[in-house]
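# A structural walkthrough
The primary structure of each chain is shown beneath.
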Amino acid sequence: MFDNSILIVDDMEINRLILKEIFIKEYNVYEASNGEEALKTLEEKKDEIEVILLDIYMPKLNGFEVLEKIQKNREYINIPVIMITGDSSQSAEIKVLDYGARDIILKPFDSNVIYRRVKNIIELYSYKKELMKIKSEINES
Amino acid sequence: MSKDMVKFYQIIDEEYTEVIKRFMYNESIYRMCVEDFINDDCVDEIRRCYYNGDREGVFQNCHALKGVAINLGFTRFFKLVVSITEIYRQAEGECSEKEIVKLNEEYTNLCTNIKDYLYA
């Protein structure tokens, strides 16, 4: 078991396999093949998952619908989400960020770029969690 | 295997090294994905949906297929899928039967070539 966990959500197995291969040596990797499965895994592993890689077009809740549910849930809202898309247009990027995603990954995958982006986001998230903990300790005292 | 696949990618004007890099140089994962691609029923589904007038079905299957095609470095096939996807992204309109036939032909040729080199 590693310290950090990633949830990969994509209906295409090949995309999950590529992404898993990038992270499997350093992170615990959970997989979901649709939006419903993703929310179920998130419920079970919410304390462990530090970043979600989320495809947009999927059956049983698409990426935007999943993201909307994450944003509405106080327990998940801080978990960073990176959307996966093949659409490199500026409007698609703006829509993804407007929905509350932290970043965007474009297909075809560039393993080195994805690895670094995810690593940076996990690092920032761990600092954020630490700050939130300190803040709540201050509020309690 | 890689030597044969290098030749295969040369035939389709692509670089095998660029593709395998995407798979973190793990040939067994790459092979698994290529086998998934040749056994996938997306193209059959696209045809079925097209002839049944199921626009959403055509779009969903094309969308799934284009991500796989580009990750495997099948750029020419990818462009064909993209052109159909973009038609179905709009609220109305549909591609011609000729485009569906071409998609099927390209996919069949690609699969035949892959099998020749992958199992050489």
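The structure under discussion appears in the preceding block.
Residues numbered from 1 in each chain as written. Chains lettered and ligands numbered in written order. Predicted model: local features only at pLDDT ≥ 70, side-chain atom pairs only at ≥ 80, totals over all residues. Heavy atoms only, no water.

## Regarding the overall build of chain A
When helices and strands are tallied, chain A shows five helices and five strands. The order of α-helices and β-strands along chain A, N terminus first, is β-α-β-α-β-α-β-α-β-α. Computed over the C-alpha atoms, the radius of gyration of chain A is 15 Å, within 12% of the 14 Å expected from 2.2 N^0.38 for a compact globule of 141 residues. Its C-alpha atoms put chain A at 50 × 30 × 30 Å along the principal axes. When the 141 residues of chain A are sorted by exposure, 45% land in the buried category. (Helix = DSSP H or I, 4+ residues; strand = E, 2+ residues; numbered from the N terminus. Rg over C-alpha atoms; globule rule 2.2 N^0.38 Å. Buried < 20%, exposed > 50% of the residue type's maximum accessible area, 1.4 Å probe, protein only.)

## Some remarks on the interface of chain B and chain A
Taken residue by residue, the interface counts 21 residues in chain B and 15 residues in chain A. Buried surface at the junction of chain B and chain A, both sides included, amounts to about 1800 Å², of which 65% is carbon and sulfur. Of all residues in chain B, the largest losses of buried area upon contact with chain A belong to Arg22(B), Met24(B) and Asn71(B), amounting jointly to 29% of the total for that side. Remark: the boundary between chain B and chain A carries zero salt bridges. Between the two partners, chain B and chain A, sit seven residue pairs in polar contact (both at pLDDT 80 or more). Going through the elements one at a time, helix H2 (16–22), helix H3 (27–39) and helix H5 (55–71) of chain B are the ones with two or more residues in the side of chain B that touches chain A. Looking at which element gives the most residues to the side of chain B that touches chain A, the answer is H5(B), with nine residues. (Contact = heavy atoms within 4.5 Å. Buried area = accessible area lost by both parts, 1.4 Å probe. Salt bridge = Lys/Arg side-chain N within 4 Å of Asp/Glu carboxyl O. Polar contact = N/O pair within 3.5 Å; in protein donor to acceptor, adjacent residues only side chain to side chain.)

## Concerning the environment of Tyr117(B)
Residue and element names in this part refer to chain B. Residue position: Tyr117 is located in helix H7 (residues 97–118). Sequence separation of Tyr117 and Phe8 is 109 residues, and the distance between their C-alpha atoms is 6.3 Å. Ignoring anything within four residues of it in the chain, the contact list for Tyr117 reads Asp4, Met5, Lys7, Phe8 and Ile11.

## What to know about the sheet that holds strand S1 (residues 5–9) of chain A
Residue and element names in this part refer to chain A. Judged by pairing direction, the sheet is parallel, and its five strands sit side by side in the order S2-S1-S3-S4-S5 without closing on themselves. Strands at the two margins of the open sheet, each flanked by one partner only, are strand S2 (28–32) and strand S5 (103–106). On average, adjacent strands in this sheet sit at an angle of 20° to one another, irrespective of strand direction. Where S1 meets S2, five bridges bridge the pair, whose relative direction is parallel. Paired with Ile6 across the strands is Val29, a residue of S2. The sheet contacts of helix H2 (residues 35–45) involve S1, S2 and strand S3 (49–55), and relative to S2 the element is tilted by about 145°. (Pairing = 2+ DSSP bridges. Axes fitted to C-alpha atoms, helices over the stretch in contact; angles between N-to-C directions.)

Purely spatial values, then, with no claim about function.
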